[in-house]
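# Summary of structural features
Read off the chains here:
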Amino acid sequence: MEYFYLILRVLCVFLLTMLIIRILGKREIGELSIFDLVVLLMIADLGSIGIDESEKFLLSILCLLILLILQKCFSYLTIKFSKLRNILEGKPRIIIYDGLIDIVAMRKENYTIDDLLTQVRDKKIMDISEVRLAVLETNGTLSVFRKEKYSTSRLPIVLSGNCCDENLKALNLNYNDILIFFKANKIDIKKVIYASYDLKQVFFYLKDNNTKQLPLMILDWHKQD
């Protein structure tokens with residue numbers, strides 16, 4: 001009978017864990033944020049407690065459900081508040097822009113030239129000199145764009161109505177430049193879900209609660225005096 005209850009506990013924990021991971025989303029393990037990774041580690045620990053100790057089984061299940069609720073609440077809050085998202089998940093860091101390596105950004109991330117070389121070679125790129133743009137993502141992966149394929153480096157400048165300060169520095173721009181640009185075009189920056197910039201044009205999407213599919217909008221860039 002003891003073995004039967006053990007199998008039942010394993011089955012319950014397995015199904016609940018699968019349900020929680022399914023609710024978390026379809027991202028691969030290597031693409032998880034730090035917050036999601038911590039949640040998964042806690043799920044594994046709480047699940048093992050529920051299996052190993054029968055008297056704590058219900059408590060373990062309750063903790064797993066509470067953890068799921070907390071994760072969904074934090075996910076909602078990080079969508080609504082970009083500053084909270086930056087605190088919990090960090091920001092992408094530009095390592096190479098137009099072929100120039102940002103040593104200061106690398107130091108902030110404890111990221112060495114050996115790390116850079118390793119991840120560049122993982123992308124089947126022989127040498128750093130071939131890279132136009134490289135961004136260290138919040139999950140530790142390096143997004144790389146070749147010079148031969150991309151003639152310019154386009155970077156996000158606005159996300160969820162907030163300016164991307166790190167990217168603006170790389171582009172030699174500031175918050176006022178972006179704010180004045182959108183004001184000149186009679187656009188409320190808070191309604192800009194996403195905007196990117198490539199020295200000549202600004203590509204952006206505006207929030208619209210009346211439609212599910214947002215059209216791409218393009219404006220020529222003119223820095224206001």
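For the structure, see preceding data.
Residues numbered from 1 in each chain as written. Predicted model: local features only at pLDDT ≥ 70, side-chain atom pairs only at ≥ 80, totals over all residues. Heavy atoms only, no water.

### Describing the overall build of the protein
We count it as follows: Working definition: helices are DSSP H or I runs of at least four residues, strands are E runs of at least two. Numbering for both runs from the N terminus. In this scheme, a residue with accessible area under 20% of its type's maximum is buried, one over 50% is exposed, and one in between is partly exposed, where area comes from a 1.4 Å probe on protein chains only. Note on definitions: a residue-residue contact is assigned when non-hydrogen atoms from the two residues lie within 4.5 Å. Each accessible area value is a Shrake-Rupley result obtained with a 1.4 Å probe; residue values ignore everything except the protein chains displayed when judging cover.
Helix and strand content of the protein: eight helices and nine strands. A total of 225 residues make up the protein; the buried ones form 33% of that total. Counting only contacts in the protein whose residues sit at least 6 apart along the sequence, the fraction spanning at least 24 positions is 45%. When the accessible area of the protein is evaluated, it comes to approximately 14,900 Å², of which 60% is carbon and sulfur surface.

### As for the packing of aromatic side chains
Applicable threshold: Note on ring pairs: Phe, Tyr and Trp rings are taken, using the six-membered ring of Trp, and paired if centres are within 6.5 Å. Classes follow the plane angle, with under 30 degrees stacked, over 60 edge-to-face and the rest tilted.
With the rule as written, the count across this model stands at five aromatic pairs. Where phenylalanine 182 meets phenylalanine 204, the ring centres are 5.7 Å apart and the plane angle is 85°; that geometry is what we call edge-to-face. On the criterion of sequence distance, the pair formed by phenylalanine 182 in helix H8 (residues 175-184) and phenylalanine 204 in strand S8 (residues 201-206) is long-range, its members being 22 residues apart. Accessibility assignment for this pair places phenylalanine 182 and phenylalanine 204 in one class, buried.

### Re helix H6 (residues 113-122)
Convention followed: By construction, the arc corresponds to the directions joining the helix axis to the C-beta atoms.
Buried within H6 we find Leu116, Gln119 and Val120. Across the axial projection of H6, the buried residues extend over an arc of 105°, all falling on one side. Opposite the packed face of H6, turned more than 90 degrees from it, sit the exposed residues Asp114 and Asp122. Taken together, the buried residues of H6 touch strand S1 (93-97), strand S2 (100-101), strand S3 (131-136) and strand S4 (142-146). Looking at the residues trailing H6, positive phi occurs at lysine 124, about 65°.

### Some remarks on helix H3 (residues 57-80)
Residues spaced three or four apart along an α-helix point in a common direction, a consequence of the helix completing one turn every 3.6 residues. Stated formally: Expected span, for any helix, means 1.5 Å times one less than how many residues it has.
Taking 1.5 Å per residue, 24 residues should reach 34 Å; H3 reaches 35 Å between its end C-alpha atoms and fits that length. Taken together, the buried positions of H3 are Phe57, Ser60, Ile61, Leu64, Leu67, Leu68, Gln71 and Thr78.

### A short note on a nonpolar patch on the surface
Under the convention used in this document: Exposure above 30% relative accessible area and the lack of any salt bridge qualify a residue for a patch; like charges then connect within 9 Å, and the nonpolar side chains Val, Leu, Ile, Met, Phe, Trp and Tyr within 5 Å. Within this document, salt bridges are pairs made up of a side-chain nitrogen of Lys or Arg and a carboxyl oxygen of Asp or Glu, the two lying within 4 Å of each other.
Judged by side-chain polarity, Leu8, Leu11, Phe14 and Leu15 come together as a nonpolar surface patch covering roughly 380 Å² of accessible area. In this fold, leucine 15 is placed in helix H1 (residues 2-24).

### Digging into the sheet that holds strand S6 (residues 162-163)
Formally: Whether two strands pair depends on DSSP finding at least two bridges between them.
With respect to topology, five strands assemble into an open sheet ordered S6-S5-S7-S8-S9, the strand pairing being antiparallel. Only two strands of the sheet have a single neighbouring strand rather than two, namely S6 and strand S9 (217-220). Relative to S6, strand S5 (residues 155-159) runs antiparallel, the two sharing two bridges. The residue of S6 that forms the bridge with valine 158 is cysteine 163.

### Some details on the sheet that holds S3
For clarity, the cut-off: The axes used here are C-alpha line fits, helices contributing only the stretch in contact, and every angle between their N-to-C directions lies in the interval 0 to 180 degrees.
Pairing in this open sheet of four strands is antiparallel, and the strands run S2-S1-S3-S4 from one edge to the other. Bordering the open sheet on either side are S2 and S4, each of which pairs with just one other strand. The strands that H6 touches are S1, S2, S3 and S4; relative to S4, the one it contacts most, it runs at about 65°.

### Observations concerning the pattern of salt bridges
As enumerated under the stated definition, the model contains four salt bridges in all. Close ionic contact of arginine 132 with aspartate 98 constitutes a salt bridge, the shortest N to O distance being 3.2 Å. With a gap of 34 residues between them, arginine 132 in strand S3 and aspartate 98 in the loop between S1 and S2 connect regions that are remote in the sequence. The class of arginine 132 is buried, set by a relative accessible area of 16%. When salt bridges that share partners are traced, they join Arg93, Glu109 and Glu166 into one network.

### Considering the nonpolar core
Spelled out, the test is: Here the nonpolar core consists of buried residues drawn from Ala, Val, Leu, Ile, Met, Phe, Trp, Tyr and Cys, with membership extended through side-chain atoms lying within 4.5 Å.
In terms of nonpolar packing, the biggest core is built from 23 residues, with Ile157, Val158, Ile178, Phe182, Ala195 and Val202 touching the most fellow members. Mapped onto this core, the elements with two or more residues apiece are S1, S3, S5, H8, strand S7 (192-197) and S8. Residue contacts for alanine 195: discarding those within four places in its chain leaves Leu155, Pro156, Ile157, Val158, Phe182, Val202, Phe203 and Phe204.

### As for the environment of leucine 40
Its place among the elements puts leucine 40 in helix H2 (residues 34-52). For the pair leucine 40 and leucine 67, spaced 27 residues apart in sequence, the C-alpha separation works out to 9.7 Å.

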